[in-house]
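# Descriptive analysis of the structure
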Amino acid sequence: MLRFILLVVMVMATLTQTSLAQTLGTAQKAEIEALIRSYILDNPEIIPEAMEILREKQTQQAIVAAGPALYSEIGAVLVGPKDASVTIVEFYDYQCGFCRKGLNDIERLLRNDKDVNVLFRQWPIRDNGTATHSADSAIAALAAGRQDGNFLKFHRALYESPTRLTKDRILQIAQSTGYDVRQLQRDMDDEDITQSIKQNFALARRLGLNGTPGYIIGDTLIPGAVGYSALKQAVVAARDARDKG
């Protein structure tokens, strides 16, 4: 019923912009508007649901519009088969405890589903004052992505560091996980990486993200560490939609 009412509202909104408006008299339009208003007043609980439907539609439109940038490897590190049928885009910060918790779910998905990949998109939003731990670790992650190392091992080690992610600590972790530290340092100084992270901030704003982690799976935005089952369900839905499309 709600979707019918919303459809009627949208039709009424377009009537004033089309020749169809001429087929209804002023009295008829007023009667329809009065019926809609009466229904909404009698059923105010539909308003939050209507707003949620609107937000979902706007999010889906934003995801489609952001497609090329969202699924580009610029500003992100790809893990998993390049030709996977479903890509999970994760916006994250290494100082985010919920992101750290969600890594277990992501790794489990990668182990159990060989037709999914993950674009780890750095979004360092948790630095305060002069601290740059989030930014430095994000830059290091992108630099590591340029090497043929075990990114997931490095990724997890950054999350699990018992001390702050200073530049020295990051380089220690890189060395212990098998990366060429000198090359990593050179890449961390590359302005292209810094610019790509700025682009991630702009992309997150376009998508309406409010915090980390944020997952994009198909045309769905999933905020927060929602657990393995919810992520898996979204992957299955995205794959079904792709197969039907």
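Right above here is the structure, for reference.
Everything numeric here is computed off the predicted structure, so don't read it as measured data. (Residues numbered from 1 in each chain as written. Predicted model: local features only at pLDDT ≥ 70, side-chain atom pairs only at ≥ 80, totals over all residues. Heavy atoms only, no water.)

## Topic: the sheet that holds strand E2 (residues 86-92)
The strands making up a sheet associate through backbone hydrogen bonding, with each pair oriented either parallel or antiparallel. Read across the open sheet, the 5 strands follow the order E1-E3-E2-E4-E5; overall the sheet is mixed. Edge positions in the sheet fall to strand E1 (76-79) and strand E5 (220-223), since each of these pairs with one other strand and no more. Neighbour-to-neighbour, the strand axes of this sheet turn through a mean angle of 20°, independent of strand direction. (Pairing = 2+ DSSP bridges. Helix = DSSP H or I, 4+ residues; strand = E, 2+ residues; numbered from the N terminus. Axes fitted to C-alpha atoms, helices over the stretch in contact; angles between N-to-C directions.)

## Focus on helix H5 (residues 133-144)
In this model H5 runs 16 Å from its N-terminal to its C-terminal C-alpha over 12 residues, within 8% of the 16 Å that 1.5 Å per residue would give. In terms of burial, H5 is a largely internal element, 11 of the 12 residues being buried. For H5, the set of buried residues is His 133, Ser 134, Asp 136, Ser 137, Ala 138, Ile 139, Ala 140, Ala 141, Leu 142, Ala 143 and Ala 144. (Expected span 1.5 Å × (residues − 1). Buried < 20%, exposed > 50% of the residue type's maximum accessible area, 1.4 Å probe, protein only.)

## Things to note about the pairing of E5
Where strand E4 (residues 214-217) meets E5, 4 bridges bridge the pair, whose relative direction is antiparallel. By the bridge assignment, Ile 216 is partnered in E5 with Leu 221. The loop that links E4 with its antiparallel partner E5 comprises 2 residues; one of these, Gly 218, has a positive phi angle of about 65°.

## Observations concerning the pattern of salt bridges
Under the counting rule described, the total for this entry stands at 8 salt bridges. Its salt-bridge partner being Arg 156, residue Glu 107 comes within 2.7 Å of it at the nearest N-O pair. With a gap of 49 residues between them, Glu 107 in helix H4 (residues 97-112) and Arg 156 in helix H6 (residues 151-160) connect regions that are remote in the sequence. As far as the burial class goes, Glu 107 and Arg 156 line up, both buried. In this structure, the salt-bridge partner of Arg 146 is Asp 187, at a minimum N-O distance of 3.2 Å. Of this pair, Arg 146 sits in the loop between H5 and H6 while Asp 187 sits in helix H8 (residues 181-188), and the two are 41 residues apart along the sequence. With a relative accessible area of 42%, Arg 146 lands in the partly exposed category. (Salt bridge = Lys/Arg side-chain N within 4 Å of Asp/Glu carboxyl O.)

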